[in-house]
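Each chain, written out:
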Amino acid sequence: QKEVEQNSGPLSVPEGAIASLNCTYSDRGSQSFFWYRQYSGKSPELIMFIYSNGDKEDGRFTAQLNKASQYVSLLIRDSQPSDSATYLCAVSGGFKTIFGAGTRLFVKA
Amino acid sequence: SAVISQKPSRDICQRGTSLTIQCQVDSQVTMMFWYRQQPGQSLTLIATANQGSEATYESGFVIDKFPISRPNLTFSTLTVSNMSPEDSSIYLCSVTDRGDIGAFFGQGTRLTVV
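Figured I'd write up the structure that's included with this text. (Residues numbered from 1 in each chain as written. Chains lettered and ligands numbered in written order. Predicted model: local features only at pLDDT ≥ 70, side-chain atom pairs only at ≥ 80, totals over all residues. Heavy atoms only, no water.)

What follows is about the overall build of chain B. Looking only at helices and strands, chain B features zero helices and 11 strands. Secondary structure elements of chain B occur, N-terminal to C-terminal, as β-β-β-β-β-β-β-β-β-β-β. The C-alpha atoms of chain B give 13 Å as radius of gyration, which agrees with the globular expectation for 114 residues (13 Å, within 12%). When its C-alpha atoms are laid out on the principal axes, chain B stretches across 40 × 25 × 25 Å. Looking at chain B residue by residue over its 114 residues, the buried ones come to 50%. Long-range contacts, defined here as pairs at least 24 residues apart, represent 54% of the contacts in chain B between residues at least 6 apart. Positive and negative side-chain charges of chain B, numbering 8 and 9 respectively, have mean locations separated by a distance of 7 Å. (Helix = DSSP H or I, 4+ residues; strand = E, 2+ residues; numbered from the N terminus. Rg over C-alpha atoms; globule rule 2.2 N^0.38 Å. Buried < 20%, exposed > 50% of the residue type's maximum accessible area, 1.4 Å probe, protein only. Contact = heavy atoms within 4.5 Å. Lys, Arg positive; Asp, Glu negative; His and termini not counted. Charge placed at Lys NZ, Arg CZ, Asp CG, Glu CD.)

As structure tokens, then:
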């Protein structure tokens, strides 16, 4: 059974701080890794993807991948209250994507 | 990114009835998927909608319960048949052209079975 594990949270950080979200996956054959943001009552929105070891930065977001440890993380710098949402880690070995249960993030103003 | 229109956005249905959910994309896409998300849970893949052929179902999901059509590269339907309260969930259509750059989701259909 292929699995994607995340801490369900909630993770609470003050405004302006760095939020760190983590994810592990079980399938070593996974090739692509994603972070989705899901606001309450809304559908998931893709915010980052990464498929090479190391860091990938996009604005305030940095995705980190370590295939040897089967570990993916998302850093959100200068967190804003509008970042409060559930963040879903997802893993793909082709077209089919497996999602983690998500981490709820609260950014306190 | 593709613009995905999913309808209905919500419905309340009687047990034993069926509901068909539509997913329309504004451009041709390679892959279309149907997911279910139960309250407070993550997304569970129901099936891959294959254009011109039978859908590919994940373990725990069967065609008799969740028949899927995909007549072309821009449209798919999911039917939830003979509904029970356990089918109350959010159903999401998802599309992608390349599995390595992620997928995009419709707005979801919030189904309540009473």
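Picking up where we left off.
Counting its regular elements, chain A contains zero helices and 11 strands. Ordering the α and β elements of chain A from the N terminus gives β-β-β-β-β-β-β-β-β-β-β. For a compact globule of 109 residues, the expected C-alpha radius of gyration is about 13 Å, and chain A comes in at 13 Å, within 12% of that figure. A burial count over chain A gives 43% of its 109 residues as buried.

Bringing the packing of aromatic side chains into the picture now. This structure, assessed with the given rule, holds 10 aromatic pairs over all chains. Judged by centre distance (4.8 Å) and plane angle (45°), the rings of A:Tyr25 and A:Phe33 are tilted. With respect to burial, A:Tyr25 and A:Phe33 carry one shared label: buried. Aromatic pair A:Phe99 and B:Phe105: ring centres 6.0 Å apart, planes at 70°, arrangement edge-to-face. Residue A:Phe99 is found in strand β10 (residues 97–99), and its partner B:Phe105 is found in strand β10 (residues 104–105); the two belong to separate chains. Like A:Phe99, the residue B:Phe105 is buried in the burial classification. (Phe/Tyr/Trp six-rings, centres within 6.5 Å; stacked < 30°, edge-to-face > 60°.)

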